[in-house]
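The primary structure of each chain is shown beneath.
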Amino acid sequence: MLVGEWLFFARDLTAMLLGTALTLPLNVAIVFGGYWLSRREYSFDRSLRIAAWVVAGVVLFTLMNLVLMAIISPESLWYAVGWLRWAISTSAAIALLIGIIEARAIEREVAAEQAALEAEYIDAQREWLDYLNALLRHEVLNNANVISGYASVLLEDEDVPESSRDRLAVIHRQSREMADVVRDVRILLESLEEPPTFEATDLSAVLKREVESLRNLPEDVDVEASIPESAFVRADDLLPRLFSNLLANAVEHNDSPTPRVRVTVETGPETVRVRIEDDGPGIPEGKLERLFERDIAGNGDHGIGLYLVRRLADRYDGTVEVTATGPEGTVFTVELPRVRTDTEQSSVPSTSEAAVSIEAPQ
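Note that the coordinates shown come from a computational prediction; the quantities given were computed from them, not determined experimentally.

How do you make sense of the confidence of the model for the protein chain when you look at a structure like this?
Detailed reading of the predicted coordinates is not advisable wherever pLDDT falls low. Residue-level pLDDT values for the protein chain average 78, and 79% of them are 70 or greater. Confidence scores differ between elements of the protein chain, with helix α1 (residues 2-40) showing the lowest mean pLDDT of 63 and strand β5 (residues 271-278) the highest of 95. When the criterion is pLDDT under 50, residues 298-302 qualifies, and its contacts beyond four places in sequence or with other chains add up to six contacts. Low pLDDT (under 50) marks residues 345-362, which in the prediction has 35 contacts with non-local residues, meaning those over four places away or in another chain.

See below:
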């Protein structure tokens, strides 16, 4: 009798250990699934739905096995406990897996819907930007140029009374500034186009043209430039606006009778550095931190120009900063990644050997 009881105990113990071994991977999977869910940061409703899957799965599968146990009648209590443990672990693991799969499917569907809405919104915004670009180009810019042209003609007319010349000069200056703002806005709109197409661009040629354009200003400007014969950077056709705005800023905010501007280019192994110096009054300390930021209120002295300068410098993976300012003037420094071309010589000529010096006519 005693031997038979020990045999039954050994059988039950073996069944319990075997059941534990079989359910251990399921329990580990349940714990890992719960940890994974805690890291996903699902919404409360979605987490509640996963929990509902687990509870419903455990309850239904356990009830089904209880019915089977009532029909089959397990041989011992240990056998019944092992059976129920296996039923609960299996149903919980399967239900958790189903809940996670459903949650991820819902997540992908929501992400796809959001992406479709964002794409639709971007397309609509692009259409509006194209329309605004055309409106600025054909309406505002053309009208500003017409006003500036007529004002310029009248200023050259010797029969115009001196009392009217001051007003004409204001009209001419304001219309020119309005045209510059429109051009800056158009450049900003163009810079939003994706993807940009860059190629090796001769920065020296760009700077020489922009420096030469200062000679067309109505006021006298003393310009000195030290520019190497060539210095290539990776850019596109928006690059000239970066430097035209900096040069215009150096002249427009200069209260000297004859503004002086100096442009210096230094080529290094990896970068090209451009320094634009002026002899203006300097920039107040309180405005330096927000100098390159967008001025939504329109209260800034430098308008949209310097914001565009920073945007274009970022566009070309470069930097722009105020490296010096004070009563004796301001220095802006632009640094752009250099591109070596097949036509460039291995040695870089110094700025003193290959430089141009330009002075505006007096």
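Got a minute to help me understand the side chain of threonine 62 in this structure?
Its place among the elements puts threonine 62 in helix α2 (residues 44-72). Among all residues touching threonine 62, those that are not within four sequence positions of it are Leu84 and Ile88.

How should I be thinking about the nonpolar core in this particular structure?
Leu239, Leu242, Phe243, Val274 and Tyr316 are the most contacted members of the largest nonpolar core, which has 43 residues in total. With seven residues, the top contributor of residues to this core is helix α6 (residues 239-252). Apart from the residues lying within four places of it in its own chain, the contact partners of leucine 239 are Thr201, Leu203, Val206, Val233, Tyr316 and Leu336. By size, the runner-up hydrophobic cluster in this structure holds six residues, among which are Leu141, Ala144, Ala179 and Leu189.

Explain helix α4 (residues 162-191) to me, please; I cannot follow it from the model alone.
Along an α-helix, a turn takes 3.6 residues, which lines up residues three or four apart on a common side. The end-to-end C-alpha distance of α4, which contains 30 residues, comes to 44 Å, matching closely the 44 Å that a straight helix rising 1.5 Å per residue would cover. The complete set of buried residues in α4 reads Arg165, Leu168, His172, Ser175, Ala179, Val182, Asp184, Arg186, Ile187, Leu188, Leu189 and Ser191.

What is the right way to read unusual backbone geometry from this model?
Outside of glycine, negative phi angles account for most residues, and trans bonds account for most peptide bonds. One non-glycine residue, aspartate 317, lies in positive phi territory at about 60°. Looking at the element boundaries, aspartate 317 is found in the loop between α8 (305-315) and β6 (319-326).

I keep staring at the pattern of salt bridges and nothing clicks. Help me out?
Oppositely charged side chains can pair when the atoms bearing their charge come close. Across all of its chains, the model carries eight salt bridges by this definition. The shortest N-O distance in the salt bridge between glutamate 224 and arginine 262 comes to 2.4 Å. Of the two residues, glutamate 224 is situated in strand β2 (residues 222-226) and arginine 262 in strand β4 (residues 260-267); the sequence distance between them amounts to 38 residues. The salt bridge involving glutamate 293 is made with arginine 290; its shortest N-O contact spans 3.3 Å. Owing to a relative accessible area of 56%, arginine 290 belongs among the exposed residues under this scheme.

Quick notes on the rules
- Residues numbered from 1 in each chain as written.
- Predicted model: local features only at pLDDT ≥ 70, side-chain atom pairs only at ≥ 80, totals over all residues.
- Heavy atoms only, no water.
- pLDDT = per-residue confidence, 0-100.
- Helix = DSSP H or I, 4+ residues; strand = E, 2+ residues; numbered from the N terminus.
- Contact = heavy atoms within 4.5 Å.
- Core = buried A, V, L, I, M, F, W, Y, C linked by side-chain atoms within 4.5 Å.
- Buried < 20%, exposed > 50% of the residue type's maximum accessible area, 1.4 Å probe, protein only.
- Expected span 1.5 Å × (residues − 1).
- Salt bridge = Lys/Arg side-chain N within 4 Å of Asp/Glu carboxyl O.

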